[in-house]
Amino acid sequence: MTTVLISGASIAGPALAYWLHRYGFEVTVVERAPELRSGGQNVDVRGAGREVARRMGLEDAIRAATTGEAGVRFVEADDRTIAAFAAGTSDSDGPTAELEILRGDLARLLVDRTADRVGYVFGDHITGLDEVDTGVHVSFAHGAPRTFDLVVAADGIRSSTRPLVLGDEAEVASLHMYTAYLTIPRTDSDSAWARWFNAPGGRTSTLRPDNVGTTRATLSFMSEPRGYERWDAAGQRDLLRHRFAGVGWEVPRILAALDHHELYFEALAQVKSPRWSAGRTAVLGDAAYCASPISGMGTSLALTGAYVLAGELATRLDHREAFAAYESIMRPYVEQAQELPPGTPRLANPRTRAGIAGFNTLLRVASRPLVQKLAGKVFSPKAERIELPIYDPSPAAV
Ligand SMILES: Cc1cc2nc3c(=O)[nH]c(=O)nc-3n(C[C@H](O)[C@H](O)[C@H](O)COP(=O)(O)OP(=O)(O)OC[C@H]3O[C@@H](n4cnc5c(N)ncnc54)[C@H](O)[C@@H]3O)c2cc1C
């Protein structure tokens, strides 16, 4: 039986574990956090990602856990609506996808589907990979060294396993924006509509409904890359208080909740790499080709990549062929997903009052019914440049 070690238990890792196990591989997943991370907001499941969820028998469970977001309202400081965009009604359109689920809920669904068949190790991470003819010797920060036939890094945009696989070949291209995500108590001003507020200085805040009685908030600001994502949580909280001091709308409410809730703080970026594998090791999901939360495609790319990588490993003669096929099927889809809408993120996060006024005018025009359809096409994620293979594997032959 082929043994596979996967690093990262969020979306890509457990989805790969699901398919590999189904095809007869023996799978272990190592996750750095001490337990499954529950943080994050609504993520979209679109296009091919949705089809993969369907093939996993997960579509109904995702629908049952959907946040029910009605759409997005862009608002003034006094909460008056500037423009409103209703949620998509089809597979892939609109700024709010029809099928949305909290990231933590989706990770939990995927892990629950695999927990009795896959070995999950929490609170550890890979520190070294040493490939020999017959496998990969892996050393860990805490556990004893082990040998696997294959290793896949699915440990996110800041993957520390990626350099062990690809050296310095992958580029993490900054989008000059930081976003902090947190969950805060729901109040009467929250509804089924997400709200988006722009303040001068390239500062943006959003509030979104969830399905568990709380509200998901973000604070974002435009900035040159300064390494804030590596600061500890206390430093990041101080930075946010400083950056958002004096901003109106519901921002004081979010700042007041900062100390009491877990913060997920990220420097927005895209990962671009000339290859996604080396020898017996490969990269998957955000670790390989993060498209950024702005794309709305990260989760769909992770689900689709996991499906294709597992299917190719199960049906090709060896891992070299499989990794090459995984890349040639996924690359056009990834490149399309990484093409962000024109002007983003600068356009939607203006620095000046005049810039905000211009953006608001654009929104008003874009929200007119006739224009909305066209704008929806321009600004919705592009998710069609892939034809999902159907895999019918004989027992794995790596
Ligand atoms: C806590 C959290 C909150 C998020 N919130 C949002 C959100 O609100 N909106 C959005 O669009 N996207 C969010 N994302 C990113 C989103 O999940 C991904 O873009 C997408 O789903 C692809 O997932 P992934 O599994 O490839 O990577 P990720 O979801 O980033 O998962 C990577 C996993 O690897 C683990 N890990 C990191 N380093 C190591 C290591 N060295 N060894 C082992 N494990 C490691 C991480 O703890 C994490 O569980 C969030 C991610 C996380 C981890």
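In this text the structure is predicted, and so the values were computed from the model without any measurement. (Residues numbered from 1 in each chain as written. Predicted model: local features only at pLDDT ≥ 70, side-chain atom pairs only at ≥ 80, totals over all residues. Heavy atoms only, no water.)

## A look at the site of the ligand
The condition that has to hold: The criterion for a residue being near a molecule or strand is simple. One of its heavy atoms has to lie within 4 Å of it. Distance and chemistry together define a polar contact, namely a pair of N or O atoms within 3.5 Å, with one atom able to donate a hydrogen and the other to accept it when in protein, and with adjacent residues in sequence counting only for side-chain atoms on both sides. Using the Shrake-Rupley algorithm and a 1.4 Å probe, accessible areas are obtained, with residue cover drawn only from the displayed protein chains. The secondary structure listing takes helices from DSSP runs of H or I that are at least 4 residues long and strands from runs of E that are at least 2 residues long, numbered from the N terminus.
The environment of the ligand is made up of 28 residues, and the closest members are Ser10, Glu31, Arg37, Gln41 and Asp286. Separating an oxygen atom of the ligand from a side-chain N or O atom of Ser10 is a distance of 2.6 Å. Notes on the ligand: free accessible area 910 Å², of which the protein chains cover 92%. Looking at the shell around the ligand, the elements that each hand over two or more residues are β2 (26-31) and α9 (298-315). Here the shell around the ligand gets 3 residues from one element, more than from any other, and that element is α9.

## Section: the pairing of strand β12 (residues 171-185)
Note the cut-off: A strand pair is defined by DSSP finding two or more bridges across the two strands.
In this sheet, strand β16 (residues 264-272) lies alongside β12 in antiparallel orientation, the contact comprising 8 bridges. Bridge pairing links Tyr178 to Ala267 in β16. Alignment of β12 against strand β15 (residues 214-222), held across 9 bridges, turns out to be antiparallel. Across the sheet, residue Thr179 finds its bridge partner in β15, namely Ser220.

## A few points about the packing of aromatic side chains
We apply this condition: Pairing of aromatic rings covers Phe, Tyr and the six-membered ring of Trp, with a centre-to-centre limit of 6.5 Å; geometry is then stacked below 30 degrees between planes, edge-to-face above 60, and tilted otherwise. Accessible area is worked out with a 1.4 Å probe on protein chains only. A residue is then buried under 20% of its type maximum, exposed over 50%, and partly exposed in between. In our convention, an over-ring charge means Lys NZ or Arg CZ found within 6 Å of a ring centre and within 35 degrees of that ring's normal.
One pass over the full model with this rule turns up 18 aromatic pairs. Between Phe74 and Phe359 the ring centres are 6.0 Å apart and the planes differ by 80°, which places this aromatic pair in the edge-to-face class. With Phe74 in strand β4 (residues 71-75) and Phe359 in helix α11 (residues 353-366), this pair connects stretches of sequence that are 285 residues apart. Given the relative accessible area of 11%, Phe74 is considered buried. For Phe359, a relative accessible area of 8% translates into the label buried. Ring pairs connect the aromatic residues Tyr178, Phe221, Tyr228, Trp231, Phe244 and Phe265, which therefore count as one cluster. Here the basic side chain of Arg331 rests over the ring of Trp276, its NZ or CZ set 4.2 Å away from the ring centre.

## Thoughts on the pattern of salt bridges
Our working definition: When a carboxyl oxygen of Asp or Glu lies within 4 Å of a side-chain nitrogen of Lys or Arg, that pair is called a salt bridge.
Tallying each qualifying case throughout the model produces 28 salt bridges. A salt bridge links Asp79 to Arg73; the shortest N-O distance between them is 3.6 Å. Residue Asp79 is classed as partly exposed on the basis of its relative accessible area of 24%. Salt bridges sharing common partners tie together Arg50, Glu51, Arg54, Arg55, Glu59 and Arg63.

## A few points about the pairing of strand β5 (residues 81-86)
Sheet topology note: the β4/β5 ladder contains 5 bridges and is antiparallel. Bridge pairing in β5 links Phe74 to Ala83. Between β4 and the antiparallel strand that follows it, β5, lie 5 residues; Asp79 among them carries a positive phi value of about 75°.

## Description of the sheet that holds strand β11 (residues 150-153)
The condition is simple: For this analysis, residues touch if any pair of their heavy atoms sits within 4.5 Å. Axes, fitted as lines to C-alpha atoms, cover a helix only where it is in contact. Angles between the N-to-C directions of the axes lie from 0 to 180 degrees.
Strand order in the open sheet made by the 6 strands is β7-β2-β1-β11-β18-β17, with mixed pairing throughout. This sheet does not close on itself; its edge strands, each paired only once, are β7 (119-122) and β17 (277-278). Inspection of the sheet shows β17 paired to strand β18 (residues 281-283) by 2 bridges, in the antiparallel sense. Residue pairing in the sheet places Ser277 in a bridge with Ala282 of β18. Contacting β1 (3-7), β2, β7 and β11, helix α1 (residues 12-22) crosses the sheet at an angle of about 165° to β1. Most of the contacts of helix α10 (residues 319-337) go to β18, to which it runs at about 15°, and overall it touches β11, β17 and β18.

## Notes on the environment of Thr214
Checked against the element boundaries, Thr214 lands in strand β15. Classification of Thr214 by relative accessible area gives partly exposed; the value is 23%. Through-space distance from the C-alpha of Thr214 to that of Thr183 is 6.7 Å; in sequence the pair is 31 residues apart. Residues within four places of Thr214 in sequence aside, it is in contact with Thr183, Ile184, Arg186 and Pro209. Here the side chain of Thr214 touches Asp210 through a polar contact of 2.4 Å, side chain to side chain.

## Brief notes about the sheet that holds β15
Taken in spatial order, the 7 strands make up an open sheet running β5-β4-β13-β14-β15-β12-β16, and their pairing is mixed. A single partner strand is all that each edge strand has here, and the edge strands are β5 and β16. Between one strand and the next, the sheet's axes are offset by a mean angle of 20°, whatever the strand orientation. Strands β12, β14 (203-209), β15 and β16 of the sheet are contacted by helix α6 (residues 233-243), whose axis makes an angle of about 75° with β15. Each of β4, β5 and β13 (193-199) is contacted by α11, which is oriented at about 45° to β5, the strand it contacts most.

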